[in-house]
Every structure is written in C-alpha cells, then in structure tokens.
Amino acid sequence: MIGSVLAGIRTRQWAAFCLGLLTCITAQIASAADCPGHPDALGISRTLVVDPKAHPRIGTMQYAETLPLRDHEVVLTFDDGPLPHNSDQILEILASQCVKATFFTVGRMAQSFPEGVRKLRDAGHSVGSHTQNHPTGFDKFSIERAKPEIDEGIASVTAALGDGGGLTPFFRMPGLRRSPAVEDYLASQGIQIWSADFLADDWRHVSASRVYDLAIKRLEAKKKGILLLHDIQARTVAALPRILHEMKARGYRIVHVVPATPQQPNTPTEPPQWQLHPPSETVAISYWPRIPNFVFADAGVLPAPSLSDSGWRDGQPVRLAEPFDRTRRRAHSVPLPQQAPWPRQPPHPAGNAAIDLPVPAQSIFEIQEKPRAGVPADATSSHHAEQAVPAEPEAGSLARRISLDAGDSRRRIPGSLPVAEPGLQRAPVGSR
Ligand SMILES: [Zn+2]
C-alpha cells in the first residue's frame, strides 16, 4: 500500500518535472520559431500590459516605482529618434534578435521622418513621445510653456503614424528633466512617465565598447530594469549587438511593454512588484507564518491548582536530598533499594601528578624580538594601501553628480566629457 502511494508520488513528481522541462523546451522552440533564420535569437520572454493611470511614474532613477519585472528581466528603451540611418540599423539589430522595445520619439524628428516612426510601429515596437523639440532645461518650463511641447510632440508622432495609429500613452521627459507641474499634467492626461533604472551613457562622447561595458555592468548591479539608450547614436548601433548577445549569455530576458486597452487588460500585479527590489526580497516578512486567531470556545475560569498537584505533601516541601523518582514512586508503595544498584566510582589514587611531569626548558619560552633590518614598521599597511583601487563612479553617483548639474545641462561634469543629453533630477523621497 505504502509502496504504491510512494510510487504515485514519484510518478507525479516525474510528470511535473517533465512538464516543466517541456515548457522550457517549448519556450526555446517558440523563441527560435518566432525568429526565422535566427535560431539563437534572444527573443522576448513575455509581454507586460500596464495601466498608465494606476502607475503614472516609473523608473527608479527618479521615482519610487518601476515596471514590475522579475529577476533578470530587462526592458529596452530608445530615445530621440527616428533618424533614418541609425534608427534603421537599430531596428535591424532588434529584428535579428526578435526583441521588442519602447521608442520615445521626438515630434520634430517624426515630422521630418514619418516613415521612420511607422517602421517602429510596424515592427511591433511600442512608440511613445518625447516632446516636440527636445528642449533643454525642461524642468524650468512653466506649465504654460511645457504643455505645447508635450501636446505638439504627441500630435506630430500621431500624424506620422497616420491612420494605423499606435501611439502609446508613454512619455519620457527630455533629458529626464522632471517638474511637478508637468508630472501632474501628464497624469491628468492618463500618460505614464518613463524614467529609467539604468543608463549606458551612450549620448556622451565615449566609445561603443564603453557603452557596452556600462550597460552590462549596471545591469549586473541591478539584475533587472529599464535600460535607456538612444537609437540616433552610432555608438549605440555599434554596441547593441554585443549588449544583446551578452544579455542572453548571462540569462537575461527581454520584456515588451504595452499599454492596457479594453481588449487587452493589464497584467495582474501586486504593489510590491512595482519596486525594483521589494522588501520581501531582502526581509522575509511576507514569508513569516501568520499568528492564528484563537477562538476560545470555553472562556470559563479554570480550577486553581491544589498544593498536592505541585508535588507538595501536606503543605511541606519535598526534601531535595531525596531523589524525585523515589518520591513519586513512594505514593504507589513500591519498595525501593536504599542505594543505587550501580557500583560506586573508586576514588582517585592519592598523589600529585604535577610532580611526575617533566619541567619544560626555559629556552622554549624565549622569543627573538630583534627588528629586521631595512623593513619599516608600517611596510605591510603601505603595501595594502598601494593595492587599493579606487572604485569607478557608478550609476548612483553618476546620477547624483548630474543632479548637481540640474541648473545647466551644458556645463561640464567634473572629470567627464561634456554632457550632450541633459541630466536628471531625483524626485524627493516619498513623493512623485
Ligand atoms: Zn532625449
């Protein structure tokens, strides 16, 4: 009987294992099948449907929330296009890997290259807006000045897309220059603001290799998130194939994000999933068992224990010299031997063992304390000091340094190249 039950359990476990394996294989096959001619394509692991009104601001570089991504999931975003030659190459690279991204197009670029905007849509990517003229210092704009920038940008991209439509309610601030008035306006329009989780500095005058290094290094630091790139940059075109190849080699998966519609409801999520690293990942609070709610069926007063229950006899304590077991058994009138039946340990033989041991020689305890000639006392610490390598500034410190530059986007950041793309501002903690 037990054997047959165990056999049943083993069969079910094996079936579950096979089903999981089959799912993995099917996913791999689906990825390859969806990408004809590219059997090793990265592909998209899933499509995430979001409700912009429920989560109006995302991207942990500036906001408390980001997209509800699982570990090793990445969302690719490209800004400032379309620009025919470079944007077309970006599209070809993405197509070769069968991955989908979100493009934040500039209204004036859409007016100049409407065909480029339609290519984005027709290739299945999400198309968002990025103002009409990509002005600098957008955070300093009054709402009266900012509104036309936003609205005209949306109108230009919409016109470029034509009858086919396809503009998503996704918006990215030019240079990530946020302001509360603009954020409120966009929220009132049901438009979701996309900041980012990490950058690759591809708008700076750096090499394609540097863009690749930063993208992978910062992704590895966060393990998931929204990557901000620029499809108008030649260095991004050069770096993107390596970035995607390395992402696949390291087990990262690409997620495509689309807005919810009446026909396509949003992907069900829980609020903690909209944080880059929910508390449950580091603190096991959510895994602690709940304290049950006890129901007292009988809340009557229990009888008070009598002295006899606690081992006291006639109000007198039991003598500690008497073994407890003996005391307990006496109540049943079972005679016990006066002494334990096991033999006593014989006493140790008289004598002093210490005097029988040899006395250690004095030379054993002598220590040579002569300093070594030519070696300074702090030589070891100096050596370690030379070994220390200064840490390279990372995304966080970069964001802080750029944040200091919020007043003028064209000022040089100390120790860096001129900033072509304006910096970002971090929203105050707990707000926006
Ligand atoms: Zn931009």
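Above this text is the structure in question.
Conventions and cut-offs
Residues numbered from 1 in each chain as written. Predicted model: local features only at pLDDT ≥ 70, side-chain atom pairs only at ≥ 80, totals over all residues. Heavy atoms only, no water. Disulfide = S-S within 2.5 Å. Helix = DSSP H or I, 4+ residues; strand = E, 2+ residues; numbered from the N terminus. Buried < 20%, exposed > 50% of the residue type's maximum accessible area, 1.4 Å probe, protein only. Lys, Arg positive; Asp, Glu negative; His and termini not counted. Salt bridge = Lys/Arg side-chain N within 4 Å of Asp/Glu carboxyl O. Expected span 1.5 Å × (residues − 1). Axes fitted to C-alpha atoms, helices over the stretch in contact; angles between N-to-C directions. Parallel < 35°, antiparallel > 145°, perpendicular 65-115°, else oblique. Contact = heavy atoms within 4.5 Å. Nonpolar A, V, L, I, M, F, W, Y, C, P; charged D, E, K, R; others polar. Pairing = 2+ DSSP bridges. Right-handed = clockwise from strand over helix to strand, strands pointing away. Core = buried A, V, L, I, M, F, W, Y, C linked by side-chain atoms within 4.5 Å. Donors = N, O, S within 2.8 Å, 3.2 Å for Na, K, Ca; no water. Left-handed = near helix turned anticlockwise from the far one by under 90°. Arc of directions from axis to C-beta.

Student: Kindly report on the state of the cysteines, identifying the contributing residues and their values.
Tutor: On inspection of all chains with the given rule, the structure shows one disulfide. Each disulfide pairs two cysteine sulfurs, and for C35 the partner residue is C98, the sulfurs being separated by 2.2 Å. Across the disulfide from C35 to C98, rotation about the S-S bond amounts to roughly 95°, and the bridge is consequently right-handed. On the criterion of sequence distance, the pair formed by C35 in the loop between α1 (2-33) and β1 (44-50) and C98 in the loop between α2 (84-97) and β4 (102-105) is long-range, its members being 63 residues apart. C98 matches C35 in its accessibility class, with the two residues each being buried.

Student: Account for the side chain of E149, with residues named and values stated.
Tutor: By secondary structure assignment, the location of E149 is in helix α5 (residues 143-161). At 7.2 Å, R145 is the nearest oppositely charged side chain to E149, a buried residue that forms no salt bridge.

Student: Which residues make up unusual backbone geometry, and what values go with them?
Tutor: A cis geometry characterises the amide bond from G81 onward to P82, with omega recorded as 0°. With respect to the element layout, P82 can be found in the loop between β3 (73-79) and α2. Of note, the phi angle at D80 is positive, near 80°, even though the residue is not glycine. Tracing the chain through its elements places D80 in the loop between β3 and α2. Of note in this structure, K223 is not a glycine but carries a positive phi near 70°. Position of K223 among the secondary structure elements: in the loop between α7 (208-222) and β9 (225-230).

Student: Before we move on, could you go through α7 and cite the residues and values that matter?
Tutor: The terminal C-alpha atoms of α7, which comprises 15 residues, lie 21 Å apart, in line with the 21 Å expected from a rise of 1.5 Å per residue. Among all positions of α7, only V211, Y212, L214, A215, I216, R218 and L219 are buried.

Student: Give me the packing of helix α4 (residues 114-122) against α5: which residues, what numbers.
Tutor: Contact geometry of α4 with α5 gives a least axis separation of 8 Å together with a crossing angle of 75°. Between α4 and α5, the angle is such that the two are roughly perpendicular. Note on element contacts: α5 touches α4 through V157, A160 and L161, opposite P114, V117, R118 and R121. Of the residues that constitute the contact of α4 with α5, the class distribution is five nonpolar, no polar and two charged.

Student: Would you mind going over the pairing of β4 in detail, with residue names and values included?
Tutor: Side chains T102 and F104 of β4 all project onto a buried face; the interleaved residues F103 and T105 project onto the opposite face, where all are buried too. Sheet analysis places β3 next to β4, joined by three bridges and oriented parallel. Pairing of T77 across the sheet is with T102, part of β4. Each parallel crossover has a hand, and the one from β3 via α2 to β4 is right-handed.

Student: Describe in detail the nonpolar core, supporting the description with residues and values.
Tutor: Counting residues in each nonpolar core, the largest one holds 35 residues, and the members touching the most others are L76, F78, L94, L244 and M247. Elements that contribute at least two residues to this core include exactly β3, α2, α4, α5, α7, β9 and α8 (234-249). In terms of residue count, α8 provides more of this core than any other element does, six residues in total. Counting 13 residues, the second largest nonpolar core, distinct from the first, contains L67, V75, F104 and W194.

Student: Any chance you could break down the coordination of the zinc ion for me, citing the residues and the numbers?
Tutor: A four-donor tetrahedral metal ideally has 109.5 degree angles, and a six-donor octahedral metal ideally has angles of 90 or 180 degrees. The protein atoms donating to the zinc ion are D80 (OD), H130 (NE2) and H134 (NE2), with metal-donor distances spanning 2.1 Å. Sequence spacing of the donor residues for the zinc ion, all on one chain, is D-x49-H-x3-H. Linking D80 in the loop between β3 and α2 with H130 in the loop between β5 (126-129) and α5, this pair joins segments that are 50 residues apart in sequence.

Student: Explain the pattern of salt bridges residue by residue, including any values.
Tutor: Within the structure shown, the criterion is met by 14 salt bridges. Among the salt bridges present, the one from E183 reaches R178, with a minimum N-O distance of 2.7 Å. R178 carries the same exposure label as E183, and that label is buried.

Student: Could you give an account of the pairing of β9, naming the residues involved and the relevant values?
Tutor: Within β9, six of the six residues are buried, which leaves it mostly tucked inside the rest of the structure. Bridge analysis of β3 against β9 gives six bridges, and the strand direction is parallel. Within β9, the residue paired with L76 across the bridge is L227. Direction of pairing for strand β8 (residues 198-199) relative to β9: parallel, over a ladder of two bridges. Paired with L199 across the two strands is L228, which belongs to β9.

Student: Which residues make up the packing of α7 against α8, and what values go with them?
Tutor: For the pair α7 and α8, the least separation of the axes is 8 Å and the interaxial angle reads 35°. For α7 against α8, the interelement crossing comes out right-handed. Contacts between α7 and α8 involve A208, S209, V211, Y212, A215, I216 and L219 on the former and, on the latter, R235, A238, A239, R242, I243, E246 and M247. Of the residues in the contact of α7 with α8, the class split is 10 nonpolar, one polar and three charged.

Student: Tell me about α2, and please be specific about residues and values.
Tutor: In this model α2 runs 20 Å from its N-terminal to its C-terminal C-alpha over 14 residues, within 8% of the 20 Å that 1.5 Å per residue would give. Taken together, the buried positions of α2 are N86, S87, I90, L91, I93, L94 and Q97. Along the axis of α2, the buried positions cluster into a sector of 160°, meaning they face one direction only. Opposite the buried face of α2, at more than 90 degrees from it, the exposed residues are H85 and E92. Where α2 is buried, its residues contact β3, β4, α4 and α8. Where α2 terminates, the next one or two residues include C98, which has phi positive at roughly 55°.

That is the geometry; function is a separate question.
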